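Report on the structure
Listed below are the residues making up each chain.
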Amino acid sequence: MKRILCLVLSLLLVFAMTACGGNNGSNDEASGELDFSKLEAAILMPAVEGQIYVSLTYGCVAQAEELGMPTPVVLSAGGYGQLDTQISQVEDMIAAGKDIIIIMPLSQDGMAPVLDEAVEAGITVMEMGNVSNAELVKGRMLTDQITIGEMLGEACIESLNGQGNIVMFNGPAGASWSELETKGFLSAMEKAPGINILAQKYTEYDAGVAMNTMNDLLQTFSDIDYIYTAYDLYADGVLSALEQAGRTDIKVSTVNLTTNNIGALKEGKLDYIVTGESVQEGRDTMLSAIALLKGEEIPPIQYCSLVGYRSEDITDSLDTSRMFYPQGWKVPL
Amino acid sequence: MEKTVDKERKSINILQRIGMLPIVVIVMIVIFTILRPQFLTPDNLKNVIFQASILGLVAFGQLFCLLSGGIDFSVSAQMAFAAIVGSLVMIQYGIPAGIVAAILATMCCGVVIGFVVAKFKANAMMVSLGMFWMLKGITMTLSNGQTIYNLPAAFSLMGNGHILGVPITFLWLLIAFAVSFVLLNHTAYGKSLYALGGNYRFARLSGIPVDRYRIAAYVICSCFCAVAGLTMTSSLGAGYPSLGTDIMMQNFIVVFIAGVRWGGGEGKLGNVCWGIALITLLANGLNLINVSSFVQQAINGIILIAAIIADTIRKKGTGWNLRDLFSVKA
């Protein structure tokens, strides 16, 4: 008798779990009408440290909340080396029956199968910032990393008048954005045969590592004129090393305008910054995901706008609300 | 004939006494100096001293954990945790409060790891990995994933100051060395730590307060990690939640090439110093001769695997002891 009772209870449990899982089906997607209060979204980021990641996350979350959606689940993989973690996170979100997954994929090939699996499970997947090779993903909001690299390269050529020695901090090895940005920078450098690349460094996502590496490079090369850094955190480390060494003659460029480096740019410590509008990029990604969910057609690849800043562009009238998340906002982890 | 044999024995004895590490370090200095004359310049030595100081603080701490028969995989997370706690507190309440809060908070992490390992006989590797993830989460939550800027200007002295031309960071390393040297060689605690790591059961039966001593080892390690995190923060001028990514790997390479036994009971502070010198000079030298970052990673991995193999061979008692090539004989 007990065994039969156990069996019945187990079957009931399985039935209940099955009923709770999967898409809730509360939205009449075919008619284009959505009940936003029942739409569940997940935002999967490589990391949620650094102003850009937080600003992107804020854009997605704020847009969802403004539409009346529950606050999306935000998950961090814990760094660019954590591909397995991000794959597991997507699998968990499939199991949780989310309606929307917005993801910054850690790897082009590595993330493709699981993202296709998510689409097959009926989840609307939007890629943000990075791209995967998932064939079923219909929406991608990208930052054109090659263009960023090219813009930084052209700014470097302009600042050096086509002559000089440079050092490159390319970012973490294997990260697709880093590879594309480097490609763009190097393609711009081909136009300036007078510029000599002394060293290219791939380092961990850590300002301390960048500082130590820069200290070593300063000992190796006495004639560095320009330093290209692929991300603002590397520029922070590089600037610390230059300050300690008392070197004010070396120009530095980087990506992403932040509340910290905006001051360094104004003071002339940074030569040039390329930045996207991270908050707006996050908002547009969420809106595109909603459009996809409604069955609307969207361009398969959309690019966020990029702006290059020099010190003279930093004025009091500069509107940063499309770039920076509001002070005091916390990532809902 | 006998004289020749005696000479050979003498030279082998000298080699065994001083170990191979100092010789490797000296050979490395010579090679890098030939390849890059800048290697031996005062500016580069200052640079090396700074890098060695951060790594050294953590490696000294790890030595205590390993001697006690444990291990700490959370050192890099503890550095970042100290950096964020210190930064947040000093912005509100000043530099001394920030430093004290960071050190105390990080030492609490050591208490927790030590307590769980000692009282519950839990696997130290797993407990410290748990602490690693826990601290990463706490650090991110405290900082909201953001770098903490606008630290008091005077705090930069802790990482960037100089005394008679020597980086002040070296002073922290010297203090940590002196504390470790006294504790390990001139106190009952040090001798008991070796005994406890060598044979836990025997140490317990001998009346050594094994649990307390084990907890203390983790607390000392955490304290050194906190100082390393604060020094790095001071040098960077901001608190970074992602601090110490390279330290995790490097500190293990240092302790294992220094012949510190995984499992406890064996390991010398002097050897750890040579290990610190070797790894720091190697990283610096490879950067100076512009070796690719990928090749450097591979070299670090090879050294770590070689050191672990040497340790394993020695434990199995095969008679062939690669580890002895790198360590000083007592």
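Look above for the structure.
The structure presented is a predicted model; accordingly, all values stated were derived computationally and were not measured.

**A few points about the pattern of salt bridges**
All names here are of chain A. Applying the stated criterion across every chain yields a total of 13 salt bridges over all chains. Across the pair Lys98 and Glu40 runs a salt bridge, and its minimum N-O distance is 3.3 Å. Of the two residues, Lys98 is situated in the loop between α3 (83-96) and β3 (100-103) and Glu40 in the loop between α1 (2-20) and β1 (41-45); the sequence distance between them amounts to 58 residues. For Glu40, a relative accessible area of 33% corresponds to the partly exposed category. Here Arg283 and Glu66 are joined by a salt bridge, their closest N and O atoms 3.0 Å apart. Of the two residues, Arg283 is situated in helix α10 (residues 278-293) and Glu66 in helix α2 (residues 51-66); the sequence distance between them amounts to 217 residues. Residue classification places Glu66 among the exposed residues on the basis of a relative accessible area of 55%.

**Some remarks on the interface of chain B and chain A**
Counting residues at the interface gives 38 residues for chain B and 36 residues for chain A. A buried area of about 2,900 Å², summed over both sides, lies between chain B and chain A, and 45% of it is on carbon and sulfur atoms. Of all residues in chain B, Asn144, Gln146 and Asn287 of chain B bury the most surface against chain A, accounting for 19% of the area lost on that side. For the pair chain B and chain A, the number of links is zero salt bridges. Between chain B and chain A we count 20 residue pairs in polar contact (both at pLDDT 80 or more) in total. Among the elements that take part in the side of chain B that touches chain A, helix α3 (residues 42-67) of chain B stands out by supplying five residues, more than any other.

**Some thoughts on a nonpolar patch on the surface**
All names here are of chain B. Where nonpolar side chains cluster on the molecular surface, the patch consists of Ile163, Leu164, Leu171, Ile175 and Val179 and spans about 470 Å² of accessible area. Looking at the nonpolar patch element by element, the count peaks at three residues for helix α8 (residues 168-185). Inspection of the secondary structure assignment puts Ile163 in strand β1 (residues 162-163).

**Observations concerning the state of the cysteines**
Residue and element names in this part refer to chain B. Overall, the coordinates contain zero disulfides over all chains when judged by the stated rule. Looking at the unpaired Cys65, the closest cysteine sulfur is the one in Cys221, lying at 3.8 Å. Judged by its relative accessible area of 0%, Cys65 falls in the buried class.

Here is what the cut-offs are and how they apply
Residues numbered from 1 in each chain as written. Chains lettered and ligands numbered in written order. Predicted model: local features only at pLDDT ≥ 70, side-chain atom pairs only at ≥ 80, totals over all residues. Heavy atoms only, no water. Salt bridge = Lys/Arg side-chain N within 4 Å of Asp/Glu carboxyl O. Helix = DSSP H or I, 4+ residues; strand = E, 2+ residues; numbered from the N terminus. Buried < 20%, exposed > 50% of the residue type's maximum accessible area, 1.4 Å probe, protein only. Contact = heavy atoms within 4.5 Å. Buried area = accessible area lost by both parts, 1.4 Å probe. Polar contact = N/O pair within 3.5 Å; in protein donor to acceptor, adjacent residues only side chain to side chain. Patch = residues over 30% accessible without salt bridge, like charges linked within 9 Å, V, L, I, M, F, W, Y side chains within 5 Å. Areas by Shrake-Rupley, 256 points an atom, 1.4 Å probe, with all protein chains shown as cover. Disulfide = S-S within 2.5 Å.

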